[in-house]
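Below, each chain spelled out in residue letters.
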Amino acid sequence: MVQKYQSPIRVYKHPFELIMAAYERRFPTCPLIPMFVASDTVSEYKSEDEAIHVIERRCKLDIDAPRLLKKIAGVDYVYFVQKNSLNRRERTLHIEAYNETFSNRVIINEHCSYTVHPDNEDWTCFEQSASLDIKSFFGFESTVEKIAMKQYTSNIKKGKEIIEYYLKQLEEEGITFVPRWTPPVACKLESSTSHTRRPVSPAINVPDSATKEGLNNKEILNTSSSPSELTAGTPDDKLDADYIKRYLGDLTPMQESCLIRLRQWLQETHKGKIPKDEHILRFLRARDFNIDKAREILCQSLTWRKQHQVDYILDTWNPPQVLQDYYAGGWHHHDKDGRPLYVLRLGQMDTKGLVRALGEEALLRYVLSINEEGLRRCEENTKVFGRPISSWTCLVDLEGLNMRHLWRPGVKALLRIIEVVEANYPETLGRLLILRAPRVFPVLWTLVSPFIDDNTRKKFLIYAGNDYQGPGGLLDYIDKEIIPDFLGGECMCEVPEGGLVPKSLYRTAEELENEDIKLWTETIYQSASVFKGAPHEVLIQIVDASSVITWDFDVCKGDIVFNIFHSKRAPQPPKKDSLGAHSITSPGGNNVQLIDKVWQLGCDYSMVESPLICKEGESVQGSHVTRWPGFYILQWKFHSMPACAATNLPRVDDVLASLQVSSHKCKVMYYTEVIGSEDFRGSMTSLESSHSGFSQLSAATTSSSQSHSSSMISR
């Protein structure tokens, strides 16, 4: 397996030229890197105006590895080749390094760059990426991989320290400023004749000696690429180390890399709807920074949020009065670590009465609104306390808990809530303080603990009776001034006291069932199943030409092909495939086929957009300006893997990918809307949808702005 690393942007608050002066002092050897024994210059090239300086070195490293392993490998040192391309005109340094030793067994590639900060020309940015691929190593592949990763991460940590060490050394020598490169007089005269034109970089004449030393024209010209190419990644779309430390906390280099790589993947597949960094980090922590596992549960959660409009729950949903009166829970200041504190008087709450009066889904929605409010409060506290706060503390008072709370439908509702919260709000609970646990508590704990993640269970602190008042109790976690009055403190707590829900508020099972369906079908999105040979199709009738059809869909499972067709005549009434109509929470999860089998493409109907292949996990938004009235058909079709052109046999990768799609079935979640010609004034920016972004989890959304038709997708 290939191991990859991607660093955040590390910012030096010093000019580029001064950083370069410090960097050059690392050679030919560096005492701060004991494994870096020596380096020899292999080739060197300087342009006539000294703007370009390319140097290639052979570096000797003493790897800290077991003596037995070195003996088996037959080497004491390993050698790397490092090529530095300095462009003083553009103020950039690009570094490429690869291993020379065991290059047929181990492939190591590293790319680093020093560039000018896009917002402050007196600051310098550093970025680094690397990959490690161990093909074979005498049966010690796993050991070598661990050694390599350990050595590399330790050197990453030292990187900034080394530059700062040499900067201090320069300062002690009285060097605090290095002038920028300026073109020779001849170049200045040439540029003055160009009047108002932007100066063009002079051509670089590469001497024969440089070519013999392994530097060709293409390599030299690549060192003088445009500033826009070098500074494409700004702090707005890339993470810098200071930001991570301030808002996300102390992460190891590999944890930073996991966050950046998952974030990049989301940018490519969910354009304009990227969750906030702290939310991505929660899912990574929940899966011990395994990117594949974290990506899977995060994508499922984002689809769930989108389908049920969870992002808008705080703005659009008002809790019923019964909840406001009898749900004994609420926010109460913060704990000693600055985490928001939520108080739940579960023992005083009539769970049976709430379930009978409201139903399971209303309770679940209320708990979701509490979690959404918790995310908002974490952001506020991060700003207030000046340190990362990404979770909250929950204080649960169990005084009054009895067998009534173990009513089976009530326990079922509790388990459902735990399941949904665990799946969509991982690592949001910083600490759970359970106070005054009665004898019946072990029974309840036995029922719910299997549904709680192991990492979450480690955050539970349980106190029986008045133990919370002694050493190691509540005062260790909450300031005395804010301990609620019902726990013996002096702070008035505005959490409702709960009590029995009047039976007059109870509702029949039929009423609750209808209410539950209403709650979870209040979504603009529909779900559909796509089978091999059975696409899902949606009919849109257009009366006025120049109307705009818009769509927003997510590929939840499998790969599909998206098409748009036009027909002058209406297709037959749709025939629903019973195989697809099995979704519970999404009654629209079906399969509808409109195009008759006898219809011929180009005769009975025509294609108005090029087919769009969409991979699993992708989010697609787009629009089409209609040219003719009639019937438009949006089609999602199962994507069959293409066969190899030479042999007509499927490729190995395609076969493996197809195995991941069980029973040749795909799932999509979609929303379509038509904007009438009278409402459309020719500006595609008016098509921005308020429904397509994750408002609470995303910093920004984007919209299409093409003149005729558009589709926004990323791999």
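Our subject is the structure listed above.
This is a predicted model, so every value here is computed, not measured.

Colleague: Can you help me understand the sheet that holds strand β9 (residues 329-334) in this one?
Modeller: Two orientations exist for strands paired in a sheet by backbone hydrogen bonds: parallel and antiparallel. The five strands lie next to each other as β9-β10-β11-β12-β13, forming an open sheet whose pairing is mixed. Looking at strand neighbours, the two that pair on one side only are β9 and β13 (460-464), the edges of this open sheet. Going across the sheet, the axis of each strand differs from the next one's by a mean of 20°, ignoring polarity. Pairing between strand β12 (residues 429-437) and β13: four bridges, direction parallel. Its bridge partner being in β13, L433 is matched across the sheet by L461. Helix α15 (residues 360-385) rests against β9, β10 (340-344) and β11 (392-397) of the sheet, and its axis sits at about 5° to β9.

Colleague: Looking at this structure, I do not really get the state of the cysteines. What am I missing?
Modeller: As used here, a disulfide is simply a covalent bond connecting the sulfur atoms of two cysteines. Across all of its chains, the model carries zero disulfides by this definition. Of all cysteine sulfurs in the structure, the one in C556 sits closest to C299, which takes part in no disulfide; the separation is 9.9 Å. According to the relative accessible area criterion, C299 is buried, its value standing at 13%.

Colleague: Just checking my understanding: could you explain the packing of helix α9 (residues 253-269) against helix α10 (residues 277-286) for this structure?
Modeller: Between two packed helices, what matters for the description is the angle formed by their axes and the separation of those axes. Where α9 contacts α10, the two axes come as close as 10 Å, and the packing angle between them is 115°. Put simply, α9 runs roughly perpendicular to α10. Two packed elements cross with a definite hand, and for α9 against α10 that hand is right-handed. In contact with C258, L259, L262, R263 and L266 of α9, α10 contributes D277, I280, L281 and L284. Across the contact of α9 with α10, the residue classes tally to seven nonpolar, no polar and two charged.

Colleague: For this particular structure, what's the right way to read unusual backbone geometry?
Modeller: Excluding glycine, a negative phi dihedral is what most residues carry, and trans is how most peptide bonds are arranged. Of note, the amide linkage connecting F27 to P28 takes the cis form, showing an omega dihedral of 5°. Along the polypeptide, P28 turns up in the loop between α1 (16-24) and β3 (36-46). Within the chain, H333 stands out as a residue other than glycine whose phi angle is a positive 55°. The residue H333 is located in strand β9 in this model. At S546, a position not held by glycine, the phi torsion is positive, near 70°. You can see S546 is positioned in the loop between β15 (536-542) and β16 (548-557).

Colleague: Sorry if this is basic, but what is going on with the environment of T269 here?
Modeller: In this fold, T269 is placed in helix α9. Separated by 349 residues in sequence, T269 and E618 have C-alpha atoms that sit 4.9 Å apart. Separated by 3.0 Å, the side chain of T269 and the backbone oxygen of W265 make a polar contact.

Colleague: What is the right way to read the pattern of salt bridges from this model?
Modeller: Considering all chains together, one arrives at 32 salt bridges under this definition. Residue D311 is joined to R305 by a salt bridge in which the shortest nitrogen-to-oxygen separation is 2.9 Å. Among the ionic pairs, D454 bridges to R457, the shortest N-O distance being 2.6 Å. Highlighted residues: D454 and R457, both in helix α18 (residues 454-457), separated by three residues, approximately one helical turn. Residue D454 is classed as partly exposed on the basis of its relative accessible area, which comes to 49%. Among the charged side chains, a salt-bridge network with shared partners connects D335, D337, R339 and R431.

Colleague: Sorry, what's going on with the packing of aromatic side chains here?
Modeller: A ring pair, where both rings are aromatic, is described by two values, the distance of the centres and the angle of the planes. Scanning all chains against the criterion turns up 24 aromatic pairs. Ring centres 5.5 Å apart and planes at 75° place the aromatic pair Y23 and F27 in the edge-to-face group. Comparing Y23 with F27, the two get one shared label, buried. For the pair F27 and F36, a centre-to-centre distance of 6.2 Å together with 85° between the ring planes defines the contact as edge-to-face. Per residue, the accessibility class of F27 equals that of F36, and both read buried. An aromatic cluster of three or more residues is present, and its members are Y12, Y23, F27, F36, Y114 and F126.

Colleague: In this structure, what is going on with the side chain of D554? I would like to understand it.
Modeller: Within the secondary structure, D554 is located in strand β16. Exposure remark for D554: the relative accessible area of 4% places this residue in the buried category. Side-chain polar atoms of D554 contact the side chain of K306, separated by 2.3 Å.

Colleague: Teacher, can you tell me more about the nonpolar core here?
Modeller: Where a protein is soluble and globular, its nonpolar side chains tend to be buried together. Core analysis: the largest hydrophobic core is formed by 52 residues, its most contacted members being Y327, L354 and L398. Looking at which element gives the most residues to this core, the answer is α15, with nine residues. Residues within four places of L354 in sequence aside, it is in contact with V322, Y326, Y327, M349, G359, L363 and V501. Core analysis: the second largest hydrophobic core is formed by 28 residues, M20, C59, F80 and F126 among them.

Colleague: Is there a simple way to explain the pairing of β11 in this structure?
Modeller: Where burial is concerned, most of β11 is hidden: six out of the six residues are buried. Burial along β11 is two-sided: W392, C394 and V396 and T393, L395 and D397, pointing in opposite directions, are all buried. In the sheet, β10 pairs with β11 via four bridges, with the strands oriented parallel. Looking at the pairing, L341 lines up with T393 of β11. Taken together, the six bridges between β11 and β12 define a ladder with parallel strand orientation. Paired with C394 across the bridge in β12 is L432. In this view, the connection linking β11 to its parallel neighbour β12 by way of helix α16 (residues 408-424) has right-handed handedness.

Parameters at a glance
Residues numbered from 1 in each chain as written. Predicted model: local features only at pLDDT ≥ 70, side-chain atom pairs only at ≥ 80, totals over all residues. Heavy atoms only, no water. Pairing = 2+ DSSP bridges. Helix = DSSP H or I, 4+ residues; strand = E, 2+ residues; numbered from the N terminus. Axes fitted to C-alpha atoms, helices over the stretch in contact; angles between N-to-C directions. Contact = heavy atoms within 4.5 Å. Disulfide = S-S within 2.5 Å. Buried < 20%, exposed > 50% of the residue type's maximum accessible area, 1.4 Å probe, protein only. Parallel < 35°, antiparallel > 145°, perpendicular 65-115°, else oblique. Left-handed = near helix turned anticlockwise from the far one by under 90°. Nonpolar A, V, L, I, M, F, W, Y, C, P; charged D, E, K, R; others polar. Polar contact = N/O pair within 3.5 Å; in protein donor to acceptor, adjacent residues only side chain to side chain. Salt bridge = Lys/Arg side-chain N within 4 Å of Asp/Glu carboxyl O. Phe/Tyr/Trp six-rings, centres within 6.5 Å; stacked < 30°, edge-to-face > 60°. Core = buried A, V, L, I, M, F, W, Y, C linked by side-chain atoms within 4.5 Å. Right-handed = clockwise from strand over helix to strand, strands pointing away.

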